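Take a look at the letters that make up each chain.
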Amino acid sequence: MSDPSPVSIRVRDNGPLLLEGAVTIFDAEGRAFPQPADKPVIALCRCGHSGNRPFCDGSHKTCNFQAAERAS
């Protein structure tokens, strides 16, 4: 049975998507990306400039990435 704990996704202004909770990230071929067990939050790149995609490496800070979506 899967873990019933909820997963939350937060959108950071001008930054990554932050995933918190029990989540597995899969590539297009169905293989899971390794994730450190001691990291409670996963940051996914939105700017496209990370050298560690799909994960964020902070490149959004130097590539002038701007996004500040708000829920209506």
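Refer to the preceding data block for the structure.
These numbers come from a predicted model, not from an experiment. (Residues numbered from 1 in each chain as written. Predicted model: local features only at pLDDT ≥ 70, side-chain atom pairs only at ≥ 80, totals over all residues. Heavy atoms only, no water.)

(A) Inspection of the nonpolar core at higher detail. Leu19, Ile25, Ile42, Leu44 and Phe55 together form the largest nonpolar core, which totals 5 residues. In this structure, leucine 19 is in contact with Ser8, Ile9, Ile25, Pro40, Val41, Ile42 and Leu44, ignoring residues within four places of it in sequence. (Core = buried A, V, L, I, M, F, W, Y, C linked by side-chain atoms within 4.5 Å. Buried < 20%, exposed > 50% of the residue type's maximum accessible area, 1.4 Å probe, protein only. Contact = heavy atoms within 4.5 Å.)

(B) Structural detail: the side chain of histidine 60. Locating histidine 60 in the fold gives a position in the segment after strand E3 (41-44). Judged by its relative accessible area of 13%, histidine 60 falls in the buried class. Each residue touching histidine 60, except ones within four places of it in the same chain, is listed here: Asn14, Gly15, Pro16, Cys47 and Phe65. (Helix = DSSP H or I, 4+ residues; strand = E, 2+ residues; numbered from the N terminus.)

(C) Spatial organisation of the sheet that holds E3. Strand order in this open sheet of 3 strands is E1-E2-E3, and the pairing throughout is antiparallel. Only two strands of the sheet have a single partner each, and these edge strands are strand E1 (8-11) and E3. Shown here is a sheet whose adjacent strand axes are inclined to one another by a mean of 25 degrees, direction ignored. Strand direction decides the pairing type here: E1 and strand E2 (residues 17-20), joined by 4 bridges, are antiparallel. Within E2, the residue paired with valine 11 across the bridge is leucine 17. (Pairing = 2+ DSSP bridges. Axes fitted to C-alpha atoms, helices over the stretch in contact; angles between N-to-C directions.)

(D) Spatial organisation of the pairing of E3. Judged by which residues are buried, E3 turns out to be one-sided: Ile42 and Leu44 face inward and are buried, whereas Val41 and Ala43, on the alternate face, are not. Relative to E3, E2 runs antiparallel, the two sharing 4 bridges. When the bridges of E3 are listed, leucine 18 appears paired with alanine 43.

Just distances and angles here, no functional claims.
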